[in-house]
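Listed below are the residues making up each chain.
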Amino acid sequence: MPRDRSTVPLTRRVLDAALGVFSVTRDCRDDIGLAVGEACANAVQHADLGADYQVTVTIHEDRCVIDVVDEGVGMEAVRAATEGDDAAADAESGRGLRIIHALADMVEFRRHQPHGVALRIVKMLTRVTPAPA
């Protein structure tokens, strides 16, 4: 994806439509949409190098796995953001990673060579229960 703010809502809409096809509940889709939106916004805002970032989504029977890879600030900055207490609850920025952690069932950061960050978000899916016949 191009590192452009317009790609964030586009990614959310495409993912929401795909999850809808798989009968994922609205609440679950909203959680995933917010988490992927925060991850993409971070890639657009904080990636230092490269004109693009990559989003890969895999929908399994019971979970959705989202990988967002960019040539960003690196693992040291990620550790500082997730371990530090530098984002006040009412701050307008710096809360994205905390939001992702709150919404996801698993969040994993990996170093992306030669520099940058690969963020994996895993969310267990809840599906719409069909009405009894």
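Everything below is about the structure shown above.
Residues numbered from 1 in each chain as written. Predicted model: local features only at pLDDT ≥ 70, side-chain atom pairs only at ≥ 80, totals over all residues. Heavy atoms only, no water.

Student: How should the environment of Thr126 be read in this particular structure?
Tutor: Assignment of secondary structure puts Thr126 in the segment after β4 (117-124). Considering only alpha carbons, one finds Thr126 and Cys28, 98 residues apart in sequence, at a separation of 6.3 Å. (Helix = DSSP H or I, 4+ residues; strand = E, 2+ residues; numbered from the N terminus.)

Student: Can you help me understand the packing of helix α2 (residues 26-46) against helix α4 (residues 96-103) in this one?
Tutor: A pair of packed helices is captured by two measures, namely the crossing angle of their axes and the spacing between those axes. For the pair α2 and α4, interaxial distance at closest approach is 9 Å and the crossing angle is 150 degrees. Put simply, α2 runs roughly antiparallel to α4. Seen along the crossing, α2 lies across α4 with a hand that is left-handed. For the pair α2 and α4, the contacting residues are Asp31, Leu34, Ala35, Glu38, Ala39 and Asn42 in the first and Gly96, Leu97, Ile99, Ile100 and Leu103 in the second. (Axes fitted to C-alpha atoms, helices over the stretch in contact; angles between N-to-C directions. Parallel < 35°, antiparallel > 145°, perpendicular 65-115°, else oblique. Left-handed = near helix turned anticlockwise from the far one by under 90°. Contact = heavy atoms within 4.5 Å.)

Student: Whenever I open this one, the pairing of β4 confuses me. Can you help?
Tutor: Residues in a regular strand project their side chains so that they alternate between the two faces of the sheet. Of all eight residues making up β4, six are buried, and the element is well covered by its neighbours. Pairing of strand β2 (residues 63-71) with β4 involves eight bridges; the strand directions are antiparallel. In the sheet register, Val68 faces β4, and the bridge partner there is Leu119. Two strands pair when backbone bridges link them, and strand β3 (residues 106-111) and β4 are joined in this way by six bridges, in the antiparallel orientation. Looking across to β4, one finds that Arg110 is bridged to Ala118. (Buried < 20%, exposed > 50% of the residue type's maximum accessible area, 1.4 Å probe, protein only. Pairing = 2+ DSSP bridges.)

Student: It is not clear to me how helix α1 (residues 7-21) should be interpreted in this structure. Could you clarify?
Tutor: An α-helical segment advances 3.6 residues per turn. Residues three or four places apart therefore align on the same side. Between its first and last C-alpha atoms α1 spans 21 Å; for 15 residues at 1.5 Å apiece the expected length is 21 Å, and the two agree. Within α1, the full set of buried residues consists of Thr7, Val8, Thr11, Leu15 and Leu19. Looking straight down α1, one finds its buried side chains confined to an arc of 100 degrees; they lie on one side. Pointing more than 90 degrees away from the buried face of α1 are the exposed residues Arg13, Val14 and Val21. Just beyond α1, the residue with positive phi is Ser23, at close to 60 degrees. (Expected span 1.5 Å × (residues − 1). Arc of directions from axis to C-beta.)

Student: Would you explain the packing of α1 against α2 in this entry?
Tutor: Closest axis-to-axis distance for the α1/α2 pair is 9 Å, and the angle between their directions is 150 degrees. As judged from the angle between their axes, α1 and α2 are roughly antiparallel. Handedness of the crossing formed by α1 with α2: right-handed. Contacts between α1 and α2 involve Thr7, Val8, Thr11, Arg12, Leu15, Asp16, Leu19 and Gly20 on the former and, on the latter, Arg26, Arg29, Ile32, Gly33, Leu34, Val36, Gly37, Cys40, Ala41 and Val44. Each residue belonging to the contact of α1 with α2 can be placed in one class, and the counts come to nine nonpolar, five polar and four charged. (Nonpolar A, V, L, I, M, F, W, Y, C, P; charged D, E, K, R; others polar.)

Student: It is not clear to me how the nonpolar core should be interpreted in this structure. Could you clarify?
Tutor: One recurring pattern in soluble globular proteins: nonpolar side chains tend to sit buried together. Ranked by size, the top nonpolar core spans 26 residues in total, and within it Ile32, Ile66, Ile100 and Ile121 carry the most contacts. Counting only elements with at least two residues in this core, the list comes to α1, α2, β2, α4, β3 and β4. The element that contributes the greatest number of residues to this core is α2, accounting for eight residues. The contact partners of Ile66, leaving out residues within four places of it in the chain, are Leu15, Ile32, Val36, Val55, Thr56, Val57, Leu119, Arg120 and Ile121. (Core = buried A, V, L, I, M, F, W, Y, C linked by side-chain atoms within 4.5 Å.)

Student: Can you help me understand the pattern of salt bridges in this one?
Tutor: Should their charged atoms come close, side chains of opposite charge can pair. As enumerated under the stated definition, the model contains eight salt bridges in all. Residue Lys123 pairs with Asp31 through a salt bridge whose shortest N-O separation is 3.4 Å. Highlighted residues: Lys123 in strand β4 and Asp31 in helix α2, separated in sequence by 92 residues. Exposure remark for Lys123: the relative accessible area of 13% places this residue in the buried category. (Salt bridge = Lys/Arg side-chain N within 4 Å of Asp/Glu carboxyl O.)

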